[in-house]
Amino acid sequence: MNKPTGTQIFIWATAIAVTARIVWTITQHNVPVLATITIGISVLYAMKAGAENITRIVTEARRQGATR
């Protein structure tokens, strides 16, 4: 298993922070527990997929010699 890059760690931390914020907002509006869990899992999965795509794109651009 490869060691995660700095970009991956940053994007994962952002995904978890956004998910936590959304779940916190949902709990403040008296949404049932199972709905909150379902939404939280769905948001985290979507953020994970997005984060992996961004990381892949950045990695490929760096390999091709793209400048910042």
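The structure this text deals with has already been given above.
Here's a quick rundown of the structure. What you see is a predicted model; the values in this text were computed from it and never measured. (Residues numbered from 1 in each chain as written. Predicted model: local features only at pLDDT ≥ 70, side-chain atom pairs only at ≥ 80, totals over all residues. Heavy atoms only, no water.)

Side note on the pattern of salt bridges
Phase 1 of the analysis: Per the stated rule, a full pass over the model turns up 2 salt bridges.
Phase 2 of the analysis: One salt bridge in this structure joins Lys-48 and Glu-52, with 2.8 Å as the shortest N-O distance. Of this pair, Lys-48 and Glu-52 both sit in helix H2 (residues 33-63), 4 residues apart, which is roughly one turn of that helix.
Phase 3 of the analysis: Given a relative accessible area of 40%, Glu-52 falls into the partly exposed group.
Phase 4 of the analysis: For Glu-60, the salt bridge identified is with Arg-56, shortest N-O distance 3.5 Å. Here Glu-60 pairs with Arg-56, and both are found in helix H2, just 4 residues apart, close to one helical turn.
Phase 5 of the analysis: You can call Glu-60 partly exposed: its relative accessible area is 36%.
Phase 6 of the analysis: Judged by relative accessible area, which is 42%, Arg-56 ranks as partly exposed. (Salt bridge = Lys/Arg side-chain N within 4 Å of Asp/Glu carboxyl O. Helix = DSSP H or I, 4+ residues; strand = E, 2+ residues; numbered from the N terminus. Buried < 20%, exposed > 50% of the residue type's maximum accessible area, 1.4 Å probe, protein only.)

Overview of H2
Phase 1 of the analysis: With 31 residues, H2 should cover 45 Å at 1.5 Å per step; its first-to-last C-alpha distance of 45 Å lies within 8% of that length.
Phase 2 of the analysis: Turning to H2, its buried residues are Thr-36, Gly-40, Val-43, Ala-51 and Thr-55.
Phase 3 of the analysis: Where H2 is buried, its residues meet helix H1 (6-28).
Phase 4 of the analysis: Positive backbone phi, approximately 85°, marks Gly-65, located one or two places after H2. (Expected span 1.5 Å × (residues − 1). Contact = heavy atoms within 4.5 Å.)

Let's talk about the side chain of Thr-55
Phase 1 of the analysis: Inspection of the secondary structure assignment puts Thr-55 in helix H2.
Phase 2 of the analysis: A distance of 2.8 Å separates a polar atom in the side chain of Thr-55 from the backbone oxygen of Ala-51.
Phase 3 of the analysis: For Thr-55, the residues in contact, after removing those within four places along its chain, are Thr-5, Thr-7, Gln-8 and Ile-11. (Polar contact = N/O pair within 3.5 Å; in protein donor to acceptor, adjacent residues only side chain to side chain.)

Section: the side chain of Thr-36
Phase 1 of the analysis: When you line up the elements, Thr-36 lands in helix H2.
Phase 2 of the analysis: Using a relative accessible area of 7% as the deciding quantity, one classes Thr-36 as buried.
Phase 3 of the analysis: Not counting residues up to four positions away in its chain, the partners in contact with Thr-36 are Val-23, Ile-26, Thr-27 and Val-31.

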